[in-house]
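# A structural walkthrough
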2 protein chains.
Amino acid sequence: MSKEDLVFLPLGGSGEIGMNMNLYGVGTRSARKWIMIDCGVTFGGPETPGVDLIMPDPSYILEFKDDLLALFLTHAHEDHIGAVAHIAPMLDCPVYATPFTAELVKSKLEEADAAIDLRVIEMGARLKVGPFDLEYVTLTHSIPEPNAIAIRTALGNVLHTGDWKLDDAPSLGPVTDAASLEAFGAEGVECIVCDSTNVLSPGESGSESAVQESLKDLISQQPNRVFVATFASNVGRVLSICKAAAAADRSVCLLGRSMLRIVRAAKTVGILPESLKFVEPRDAGFLPKEHVLYLCTGSQGEPRAALSRIARDDHPEIAISEGDTVIFSSKIIPGNEREIYDLQNLLVDLGAGIITERDAFIHVSGHPNQGELARMYGWAKPRLAIPVHGEARHLEFHADFARRLGVEDSLAPRNGDLIRIAPGGLALLDEAPSGRLYLDGKILVPEGGGSIRERKKLGWAGVAHVAVAIDKAGRISGEVVARCIGAPPIDGEPLEDLIAEAVEDALDDLPASKRRDVVAVETTAMRAARQAAVSTWGKRPAVLVSVILV
Amino acid sequence: MSKEDLVFLPLGGSGEIGMNMNLYGVGTRSARKWIMIDCGVTFGGPETPGVDLIMPDPSYILEFKDDLLALFLTHAHEDHIGAVAHIAPMLDCPVYATPFTAELVKSKLEEADAAIDLRVIEMGARLKVGPFDLEYVTLTHSIPEPNAIAIRTALGNVLHTGDWKLDDAPSLGPVTDAASLEAFGAEGVECIVCDSTNVLSPGESGSESAVQESLKDLISQQPNRVFVATFASNVGRVLSICKAAAAADRSVCLLGRSMLRIVRAAKTVGILPESLKFVEPRDAGFLPKEHVLYLCTGSQGEPRAALSRIARDDHPEIAISEGDTVIFSSKIIPGNEREIYDLQNLLVDLGAGIITERDAFIHVSGHPNQGELARMYGWAKPRLAIPVHGEARHLEFHADFARRLGVEDSLAPRNGDLIRIAPGGLALLDEAPSGRLYLDGKILVPEGGGSIRERKKLGWAGVAHVAVAIDKAGRISGEVVARCIGAPPIDGEPLEDLIAEAVEDALDDLPASKRRDVVAVETTAMRAARQAAVSTWGKRPAVLVSVILV
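Residues numbered from 1 in each chain as written. Chains lettered and ligands numbered in written order. Predicted model: local features only at pLDDT ≥ 70, side-chain atom pairs only at ≥ 80, totals over all residues.

## Things to note about the overall build of chain A
- A count of helices and strands for chain A gives 16 helices and 29 strands.
- For the C-alpha atoms alone, the extent of chain A along its principal axes is close to 90 × 75 × 40 Å.
- Counting only residues that meet the buried cut, chain A has 56% of its 550 residues in that class.
- Across chain A, the fraction of contacts at a sequence separation of at least 24, relative to all contacts at a separation of at least 6, is 70%. (Helix = DSSP H or I, 4+ residues; strand = E, 2+ residues; numbered from the N terminus. Buried ≥ 20, exposed ≤ 12 C-beta atoms within 10 Å, placed from the backbone. Contact = placed C-beta atoms within 7 Å.)

Here you go:
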């Protein structure tokens, strides 16, 4: 029998931003007990038309489902909990989350009509499952209730940081529990598995209370209505903005479904006081301009969010006018630049002034810069480091940086890398199957699946369909019918007419012996249709031919 | 008869980045003589699938084609000349360009098999066309031969800056002809029509020769092969990199079609010396790693460019290996972040080190920061300002900034705004039709055209086609044939089978009297097909039904 080891296996979030899914295993190669930490999504984009959500493919762990003891959630960001409603039902194990995270998971389960064994635990909870002894350690981050998980096993201890920063004065919730981290470090930490998002940035990420002060100054200087866009999940920021509004004698009106949902969840679990009051959109319009602040979603230019609708003058109750101010209390997530600038241009066209983090100190990141990473490594004193939660360039940099911070060895994993942590130090043992699942309508499809590739091609050149009926004598019966979607008229004539003519001509030229041969008719029609499109339009649409023998 | 005026009309590039097209008119409302300055493109993106090039719709000026005296090109960037081959043939007027610009226009005309009356003029040329007296004024920019155009008319003078920066030590070509600008200012400049790209940035954009020095240091420190990605059109940068390579005793190998094309054009017109030698890709591989530098296209992550192919290990002659360095001597054009980061991650995965302008001083912009704008306004001393070449947020800021620089009035135009410059100061006279044309295959389609909208929908949910033949008795003849593109299998079963069944069932239920009614059959089949897709897949593909009466 082989020796027992402690292994780490990321199925998502290593070598990419988003969709975190991490596995830890203890046992022998042939018999391991597993826990999963986090189960997140990333969002589809132009490369995956028609796909809203993308999540890690859990096939590997589904094979060992009976040995998966539990799923632990560190915090409630989408890239850590967004796949729970889709994947946890297949895992068939308990799911642990702190109150605020659990509250948001519940609303996701309801939406997806899914059921799981969700267990609410307190901040700082400690629990044992199989060979794992886990302790939630309170951190600070851009969402309430962020947790590291201190994992104790007979083979060594691991600090799994989740997402974090160090904020000595958050606007909401406790500061980082440095004492527990130091105590864990004193016990001996074999390995840290650590957030890499901001590893390329020197210094410190900055404190939320400094943002709050800056927002107070800024908002009090605005003459007319103020709109502030931020992430709804950043409840600390939401509170900062509410306090800044109160200081400027402005009532706050919440706009956007997720803003309302998250504020409600935060009140339910007591993170925001019930006494925090908001004005309804239909009432806000009647307030003097200098006494209202709209707190809204859409800082990333999402077309269906409140701010985009307002910018397009497509909101039933709110209109922006000359002299209003829109503050983007947020960063630009890479890839969203075009949408955000388009949104800002629309707002400028309506006469609004725009203030972004380029113009004023109105945002801090929720992830640790190099200075904070150094402090964390100083507390935990890990012997080894595995950087996660980042793209290749972040992970490789972090692996170097960790060595400069004094760890003996580090290894930047990619999804699917089965890495031994102990005994004997870091080693790549195996590659587990990994990949992505796309939520396409209601169906989860593997990333290599043909449907999305086909649709991208349709987006490029459209489709032409040709239907032809062939009678028993091998003659075309009725008319050749061609239909196109996505082709422009060619000098005023529909491409489908040109294709129908071309197909008819080509079939006329087919020898009589081939005319009841479905394959020959199909091939001839397809070739003629393609040729007609290429010669007139210069493109190759997908061509479908239906031959009906009548 | 109405009084004569001098008007400005942007048809592209005002309220957006890219596709510049500017018109100046002199005359009465009913009879104006026109000149056009620049005729550029912008590039299609995910919002316009299947469209590579987007250009201004010239319909307005085509109406007054007989009064359009000439098209003047300021410089050879795509957003100033990219539409010449497509639009100038319709304009039917001479096109003026300096030698390097003309050389690149020629190769575009050849590619598009188009012919125009192209007239090559020297830098600093002065010519009269109708009521316009034009003088090319040499500037500095990120391409050879950048020109402002000093326009003299009986109604007042205008300085049309084109794209520019102030570089006291360019690596190539002369410095800005400040003397001519000052002399023009002394004559009296009614209005400046000015580049707004970098108006949000304080200070100065920096000099190319400083970049050259920095590149020399950086490249000499690299142990293995060095790849440098930059814009091919930035011939000054190309020369800087060649000099840095020579200083580090490295031979330069050019990669990428546009790099070869532009270097050839620069040699043809004598901008680069014929003595500048390059090594062929097949030979470069045999050189010691520390003696080669690959100068390549693809700094924006363009998938078909040299660097992306190398990163995907898909280049016939070049492979990157551990310890090589890739220098991005370029900026990130907003909107390209995702592609660039994906490219960098692939390179990191191959073991390369990445150096960007975030890490070292290896790039300067080609557009004027606020300090340079102040100097230009100081030379030209315009009474009025019209900021162009920028998005809404740039133009509005520039209009304010110009007033702070001392102009009496400023007006930020949008495409289609017909603006009076003189007499009597800036006023919006009219809105001319304006818009965009998409090059879709070989066909120019208006931006509102249905083909691209249809294709985006196809990208979202694919297409289902149903063909059914109905015999004279109103029975389904043969089989109902359904074909889908872009739909995933539903629990292992092709969606087209589910659709075919559903359509057959629905047609069976159709009363006999309706069965030869093409519209009724179509409607029934379409509804059944949609319903089958929605209930199983959760999406609504486009549905095409072909009914053949046999």
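## Some thoughts on the domain arrangement of chain A
- One can read the domain layout of chain A as domain 1 (5-203 + 365-441), domain 2 (208-355) and domain 3 (450-549).
- On a C-alpha basis, the centres of domain 2 of chain A and domain 3 of chain A stand 53 Å from each other. (Domains from an automatic or database assignment.)

## Considerations on the sheet that holds strand β19 (residues 353-355) of chain B
All names here are of chain B.
- Spatially, 5 strands are ordered β16-β17-β15-β18-β19 in an open sheet, and the strand pairing comes out parallel. Only two strands of the sheet have a single neighbouring strand rather than two, namely β16 (251-255) and β19. Neighbour-to-neighbour, the strand axes of the sheet open up by a mean angle of 20°, direction not taken into account.
- Contacting β15 (226-229), β16 and β17 (292-296), helix α7 (residues 235-247) runs over the sheet at an angle of about 175° to β17. (Pairing = 2+ DSSP bridges. Axes fitted to C-alpha atoms, helices over the stretch in contact; angles between N-to-C directions.)

## Structural notes on the relation of the copies chain A and chain B
- Aligned on chain B, chain A shows an RMSD of 0.1 Å; the corresponding rotation is 180° and the shift along the axis is 0.1 Å. Classification of the inter-copy transformation places it as that of a two-fold axis. The C-alpha atom lying nearest the rotation axis in chain A is that of Gly459 of chain A; the distance is 2.3 Å.
- When you check the interface residues of chain A against chain B, 100% turn up at the interface there too, and the contact is symmetric in its surfaces. (Least-squares fit on C-alpha atoms with pLDDT ≥ 70 in both.)

## A look at the interface of chain A and chain B
- Listed by partner, the interface residues are 55 residues for chain A and 55 residues for chain B.
- Put simply, the parts of the chain that give the side of chain A that touches chain B at least two residues each are α11 (337-349), α13 (392-404), β26 (443-446), α14 (450-461), β27 (463-470), β28 (476-485) and β29 (542-549) of chain A.
- By residue class, the composition of the side of chain A that touches chain B is 26 nonpolar, 15 polar and 14 charged. (Nonpolar A, V, L, I, M, F, W, Y, C, P; charged D, E, K, R; others polar.)

## Quick word on α14 of chain A
- With 12 residues, α14 of chain A should cover 16 Å at 1.5 Å per step; its first-to-last C-alpha distance of 17 Å lies within 8% of that length.
- Immediately beyond the C-terminal end of α14 of chain A, within one or two residues, lies Gly462 of chain A, with a positive phi of roughly 70°. (Expected span 1.5 Å × (residues − 1).)

## Looking at the pairing of strand β20 (residues 382-388) of chain B
All names here are of chain B.
- Counting buried positions over the 7 residues of β20 gives 7, a clear majority of the element.
- Of the pairings in the sheet, the one linking strand β14 (residues 189-195) to β20 comprises 6 bridges and is parallel in character. Within β20, the position partnered with Cys191 by the bridge is Leu384.

## Observations regarding the nonpolar core
- Leu295 of chain A together with Leu295 of chain B are the most contacted members of the largest nonpolar core, which totals 290 residues.
- Sequence-distant contacts of Leu295 of chain B, defined by excluding residues within four places in its chain, comprise Val228, Val238, Ile241, Val252, Leu254, Leu255 and Met259 of chain B.
- Counting residues in each nonpolar core, the second largest holds 72 residues, with Leu458, Ile470 and Leu495 of chain A together with Leu458 of chain B among its members. (Core = buried A, V, L, I, M, F, W, Y, C linked by C-beta atoms within 7 Å.)

## Comments concerning helix α7 (residues 235-247) of chain A
Residue and element names in this part refer to chain A.
- With 13 residues, α7 should reach 18 Å at 1.5 Å per residue; the first-to-last C-alpha distance of 18 Å fits that figure.
- Counting buried residues in α7 gives 10 out of 13 residues, a clear majority hidden from the surface.
- When α7 is considered as a whole, its buried residues turn out to be Val235, Gly236, Arg237, Val238, Leu239, Ser240, Ile241, Cys242, Ala244 and Ala245.
- Buried residues belonging to α7 abut α6 (208-220), β15 (226-229), β16 (251-255), α8 (257-268) and β17 (292-296).
- With its phi angle positive at about 55°, Asp249 sits one or two positions after the end of α7.

## Focus: the sheet that holds strand β10 (residues 126-129) of chain B
All names here are of chain B.
- Read across the sheet, 7 strands follow the order β10-β11-β12-β13-β14-β20-β22 without closing on themselves; strand pairing throughout is mixed. The sheet is open, and its two edges are formed by β10 and β22 (409-410), each paired on a single side.
- Here 2 bridges tie β20 to β22, and the two strands are oriented parallel to one another. Looking across to β22, one finds that Leu384 is bridged to Asp409.

## With respect to the packing of helix α3 (residues 84-91) of chain A against helix α4 (residues 99-112) of chain A
Residue and element names in this part refer to chain A.
- Packing of α3 against α4 brings their axes to within 9 Å, and their N-to-C directions diverge by 85°. The angle between α3 and α4 places the two elements in the roughly perpendicular class. Residues Val84, Ala85 and His86 of α3 form the contact with α4, whose own contacting residues are Val105, Lys108, Leu109 and Ala112.
- The residue inventory of the contact of α3 with α4, partitioned by class, reads 5 nonpolar, 1 polar and 1 charged. (Parallel < 35°, antiparallel > 145°, perpendicular 65-115°, else oblique.)

## A short note on the confidence of the model for chain A
- Here chain A averages 95 in pLDDT, while 100% of its residues score no lower than 70.
- Scoring the predicted complex yields pTM 0.90 and, for the interface, ipTM 0.85. (pLDDT = per-residue confidence, 0-100.)

## A word on the environment of Arg455 of chain B
- In this structure, Arg455 of chain B sits in helix α14 (residues 450-461).
- Here Arg455 of chain B falls in the buried class, since 27 other C-beta atoms lie within 10 Å of it.
- With 405 residues separating them in the primary sequence, Arg455 of chain B and Gly50 of chain B have C-alpha atoms 8.5 Å apart.
- Leave out the neighbours within four places in its chain, and Arg455 of chain B touches Leu458, Gly459, Gly462 and Gly486 of chain A together with Pro49 and Gly50 of chain B.

## With respect to unusual backbone geometry
All names here are of chain A.
- With an omega of -5°, the peptide bond running from Ala422 to Pro423 counts as cis.
- Along the chain, Pro423 falls in the loop between β23 (417-422) and β24 (427-431).
- With phi around 40°, Met19 is a residue other than glycine that occupies positive phi space.
- Mapped onto the fold, Met19 is located in the loop between β2 (14-15) and β3 (21-28).
- Although it is not a glycine, Asp313 sits at a positive phi angle of roughly 55°.
- Residue position: Asp313 is located in the loop between α10 (306-311) and β18 (325-328).

## Focus on the packing of helix α15 (residues 495-508) of chain B against helix α16 (residues 518-537) of chain B
Residue and element names in this part refer to chain B.
- Between α15 and α16, the least distance of the axes is 8 Å, while the angle of their chain directions is 135°. Comparing their axes, α16 and α15 come out oblique. Both α15 and α16 take part in a crossing whose hand is right-handed. On α16, the residues that touch Leu495, Leu498, Ile499, Ala502, Val503, Ala506 and Leu507 of α15 are Val521, Thr524, Ala525, Ala528, Ala529, Gln531, Ala532, Ala533, Thr536 and Trp537.
- In the contact of α15 with α16, the residues fall into 14 nonpolar, 3 polar and no charged. (Left-handed = near helix turned anticlockwise from the far one by under 90°.)

## Digging into the environment of Leu510 of chain A
Residues and elements named next belong to chain A.
- You can see Leu510 is positioned in the loop between α15 (495-508) and α16 (518-537).
- You can call Leu510 partly exposed: it has 17 C-beta atoms within 10 Å.
- Along the primary structure Leu510 and Ile355 are separated by 155 residues, whereas in three dimensions their C-alpha atoms are 68 Å apart.
- Excluding residues within four positions of it along the chain, Leu510 makes contact with Arg515, Ala520 and Thr524.

## Details of the pairing of strand β4 (residues 31-37) of chain A
Residue and element names in this part refer to chain A.
- Burial of β4 is extensive: 5 of the 7 residues sit out of reach of the surface.
- Both β3 and β4 contribute to a ladder of 7 bridges, which runs antiparallel. Looking across to β4, one finds that Gly25 is bridged to Trp34.
- Hairpin geometry of β3 and β4 is characterised by an intervening segment of 2 residues between the two adjacent antiparallel strands.
- In this structure, β4 lies alongside strand β7 (residues 68-72), joined through 4 bridges in parallel fashion. By the bridge assignment, Ile37 is partnered in β7 with Phe72.

## Comments concerning the environment of Ile116 of chain B
Residue and element names in this part refer to chain B.
- For Ile116, the position within the fold is in the loop between α4 (99-112) and β9 (118-120).
- Distance in space between the C-alpha atoms of Ile116 and His160 is 24 Å, their sequence separation being 44 residues.
- Here Ile116 is in contact with Ala88, Pro89, Val95 and Leu109, once residues within four sequence places are set aside.

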